[in-house]
Amino acid sequence: MNEEKREQTPILRVDDVRCHYPQKKKYVRSDGTVIRKAVVKAVDGVSFSIPKGEILGVIGESGCGKSSLGRLLVRLEKCTSGKIYLDGQDMENLYRKDRLAFRRRTQMVFQNPFDTFDPRHSIGKILMDTMKLHHIGANDQERREMAIAELASAGLLPAESFLQRFPHEFSGGQLQRISILRSMLLGPDVMVADEPVSMLDVSIRADIINLLYESTRKKNTAMVFISHDITTTRYISDSIAVMYLGRIVEMGQADEVVTAPRHPYTKALISNCGSIDPRVKKKAIYLPGEPPTPVDIPSGCPFWPRCPQATKECRQQEQQLKDMGGNHFVRCSQVTGL
Amino acid sequence: MALLSLQDVSVTYLSGGKRVHAINHVSLDVEKGESLGIVGESGSGKTTLIMAVLRLLPPGRARVEGTAELEGRDLFQMSDQELSTVRWEQMSVVFQKAMNALSPVHRIGKFLSDIYRLHRPDVNKRDARRAVEELLILVNLPPRVFNLYPHELSGGMMQRVSIAMSLLFTPRLLIMDEATTALDVVTQNQILDEIVELEERMDITRVMITHDISVVAGTCKNVAVLYAGSLLEFGPVDEVLVEPMHPYTKGLIESFPTFEAEEREPLVSIGGSLPDLVELPQGCVFAPRCKYACDLCRQKTPEMRSFGGKRKAACHFAGGEFHE
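Criteria and thresholds
Residues numbered from 1 in each chain as written. Chains lettered and ligands numbered in written order. Predicted model: local features only at pLDDT ≥ 70, side-chain atom pairs only at ≥ 80, totals over all residues. Heavy atoms only, no water. Phe/Tyr/Trp six-rings, centres within 6.5 Å; stacked < 30°, edge-to-face > 60°. Buried < 20%, exposed > 50% of the residue type's maximum accessible area, 1.4 Å probe, protein only. Pairing = 2+ DSSP bridges. Helix = DSSP H or I, 4+ residues; strand = E, 2+ residues; numbered from the N terminus. Contact = heavy atoms within 4.5 Å. Axes fitted to C-alpha atoms, helices over the stretch in contact; angles between N-to-C directions. pLDDT = per-residue confidence, 0-100. Salt bridge = Lys/Arg side-chain N within 4 Å of Asp/Glu carboxyl O. Parallel < 35°, antiparallel > 145°, perpendicular 65-115°, else oblique. Left-handed = near helix turned anticlockwise from the far one by under 90°. Nonpolar A, V, L, I, M, F, W, Y, C, P; charged D, E, K, R; others polar. 1 Å grid on protein atoms, 1.4 Å probe; cavity = no way out; pocket = protein on both sides within 12 Å on 5 of 7 lines; lining within 4 Å. Points joined across faces, edges and corners; volume = space filled by probe spheres on them.

### Examining the packing of aromatic side chains
Between two aromatic rings, the relevant description is the distance of the centres plus the angle of the planes. All names here are of chain A. Following the criterion strictly, the structure yields nine aromatic pairs over all chains and no others. On the numbers, 5.0 Å between centres and 20 degrees between planes, the contact of F162 with F170 is stacked. Relative accessible area serves as the criterion here: at 3%, F162 is assigned to the buried category. Residue classification places F170 among the buried residues on the basis of a relative accessible area of 5%.

As C-alpha cells, this is what we get:
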C-alpha cells in the first residue's frame, strides 16, 4: 500500500456499524438466569475502510458475524446503527435514491452456487437479463456476444453451448464461475465474496480463487473476501480483519497478521490452522470453552473467558482498536504498540 | 497381521437399471497403531468404502465384493449376530453430523448408558452412569452434559458426545467419517489432539475420512488417496505428502495454498471433473484429467505397484519421469 493510495478517499468506509437482530424468545443462561429481550448482536461496532481495488479478507469462527457484515456491505441487511460510505457517499442514501444504480456498484458472490440461480433460466438468460436490466449492450445480439466472450474468458468452453444450458447441468465449480462473471459484468466498485469456495472441492477451488483475484484486479474492484479458511484468505487478500463476536479484534496487512499475529485470539486461531506439509509441526494454543453466543456477550473484552492472558482489567474494561503502526490495529489491553 | 485388511473390495450401486461403480478393486491394510487418513474429492467413494466395511450399505441396492478382514475375520461374511458383537465393541464409527447421530428426545446420559447396557446387560444403571460420566470427562465435557438434550449442546460438544459414544467399549478400530469437518478450526484441532492422545492411551487405531489434507498431515501416519472409486496412492504421510508419486496426489497438494510460501505462487487446480461412474473410462481413471496422460494411460489400467516400504502408487509412470 503506497502513500499515494492512502491519500485518496477509500472506496468503502465502514463507520461503527452494528447489526442487531431482536429475538422473539427469551434467552436462558446455563446458570438459569434469563435475558428477557434477547438481541443477537451479530455485528457490534465495526469500522474499517478499503482503498480502491484492494482485497480485505475477513476471518473468524462461525457465528462471529462475518457473513452479517458482508450482507450489510451490499445492503441486503440494514444497519442498526452506524454508517457505510461508498466512495464518500452514504450508502443508505444511494440505496434509497436508485436501487439499480446502487446494485451496479456493489455485488455479492454467495457460498452456495446451486442456490444462486433461478433453476428455470438458461445461463444465457441469466447473463443477458442482468445486462439488459442494467442497460449494458445495445441489443440482444450484442449482449449475446458479450456473454459468450465472458464465458470464454473464464474458460467455460465451448461458450455457445453454455448459453442454452440450465444451472442443474453444471458442476458447483462451473456455477460459481458463472456467478462471479455475472457479478463482475456490472463492473462494481465493491464485491463481497462470502465463503465462495467452501462448498467446492479442493481440486477446483484454486480456479475460483484465481478467477476472483484476476477479475477484481482487472476492473480495479475492491473485494471483501469472507472465509474461515486462513490460508486461502491470506493468499488472496491485501489485508485481513479478524472478527470475534461481532467485532474486529485485529486488522492489518495479510502477511503480517498471519505470520506475526498480536491479538491472543488471532494467535490461537492461526496456531490451530494445520499445514498440508507433515514436516511442519506447530504447537497449537489451547482455548478453553467455545465462543459464547452473540446473545450474551461477556462484559469487557468479549474474549476474556477464553483468553490465556486475561487480567481483571480485561473483564471490566472494553477495549478499542489500537494503532500498532504500519496499518496494524489490535483490540487488546495486553498488547502495547508504538 | 493387519488389524483391518481390505482385499480387492468393489462396491456397485444398482440404481434404475444402471450400475454405478463406486469402488473398484481397492486393497489396503491398516496396521495396528498406524492411523490411516483417506483423502479424495467428494464422489470419490470415501464414504462408500467405509460404509461397506461397516456393512451399512443397503443389501439390495449395493453389491459388495472382495474381503474385509478385521483381525482375521471377514466382515462381509459375518452373520448379523456376529456383526452386532463386532460393532461398537471392536469397531465403531463417528459420522459427520453428530446432530443426526444422537436421539433428540433422550438426554445424552440416558442415550449413552442405554447403548452401554445393551452390550453389557449385567451392568446396573448406577455403574453404567459412572462409566458414561467417565467417558464424558475423557472427551473434555463437563459431567453436567449427562443430563442435557442434544439441542442444548454446541456443534463441538455434540461431536465430542459422538466420540465418547464411539469409545464406550474401547474399540480396536475407530472410523471417523468427516467427523470434524463441520467444526471451527480451533475446536477441530482441539478435538483431534484429544483423539490422538486417547488413541495412544487406549490402543485404538483410527481410520479417518476427510477432504482436508492438513488434517491428515497433522494426525495420521498413513494416507490413502482415493479417486473415482480407485486407490491411486498409499503410503506414509511424511513421504506421500512431501513427494507425491501420483499426478493426482501432486495436483491435490498443488491446489492448496500454503502457510510457508514466501511468494504468491499461482494456485494450480486440476482441470475437468470426476468421470461418470456408470461408464468408467478405459485405462487409468485419472487419465482424462491428467496432464501427463499418454496413449498407454488411456488404454491400459495401471497396476498398483510397490515402491519400497509401504509406498504404493497406481500410475504407469510413478517413480519415473513425467512428460507433459
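### Overview of the sheet that holds strand β1 (residues 4–15) of chain B
All names here are of chain B. The strand order β2-β1-β4-β5 describes an open sheet built from four strands, whose pairing is antiparallel. At either margin of the open sheet sits one strand with a lone partner, and together these are β2 (18–30) and β5 (73–74). Bridge count for strand β4 (residues 62–70) against β5 is two bridges, and the pairing is antiparallel. In the sheet register, E69 faces β5, and the bridge partner there is D74. Packing of helix α1 (residues 46–53) onto the sheet brings it into contact with β1, β2 and β4, and relative to β1 it is tilted by some 110 degrees.

### Some points on the confidence of the model for chain B
All names here are of chain B. Of all residues in chain B, 98% have pLDDT values of 70 or greater, and the mean over the chain is 89. The lowest-confidence element of chain B is helix α3 (residues 98–101), averaging 80 in pLDDT; the highest-confidence one is strand β10 (residues 230–236), averaging 96. Scored by ipTM, the complex comes to 0.78, with pTM at 0.86.

### Here's the deal with the pattern of salt bridges
For side chains bearing opposite charge, pairing can occur when the charged atoms are close. Residue and element names in this part refer to chain A. Tallying each qualifying case throughout the model produces 34 salt bridges over all chains. A salt bridge links D44 to R18; the nearest nitrogen and oxygen atoms lie 3.0 Å apart. Of the two residues, D44 sits in strand β4 (residues 39–50) while R18 sits in strand β1 (residues 12–22), which places them 26 residues apart along the sequence. A network of salt bridges, in which partner residues are shared, links D16, R18, D44, R247 and E318.

### Brief notes about the packing of helix α4 (residues 108–119) of chain B against helix α5 (residues 125–138) of chain B
In a pair of packed helices, the angle between the axes and the distance between the axes together describe the arrangement. Residues and elements named next belong to chain B. One way to put it is that α4 packs onto α5 with a least axis distance of 9 Å and a crossing angle of 120 degrees. Between α4 and α5, the angle is such that the two are oblique. Here α4 and α5 pass one another in a crossing that is right-handed. Listed contacts from α5 to L112, S113, Y116 and R117 of α4 are K125, A128, A131, V132 and L136. The residue makeup of the contact of α4 with α5, split by class, is six nonpolar, one polar and two charged.

### Comments concerning empty space enclosed by the protein
Across all of its chains, the model carries six cavities of 30 Å³ or more by this definition. Size it by volume and the largest cavity reaches roughly 80 Å³. V202, R205, A206, I209, D229 and T232 of chain A together with S255, F256, P257 and L267 of chain B together form the lining of the largest cavity. It is helix α9 (residues 202–218) of chain A that contributes the most residues to the lining of the largest cavity, four residues altogether. For the lining of the largest cavity, a count of residues per class yields six nonpolar, two polar and two charged.

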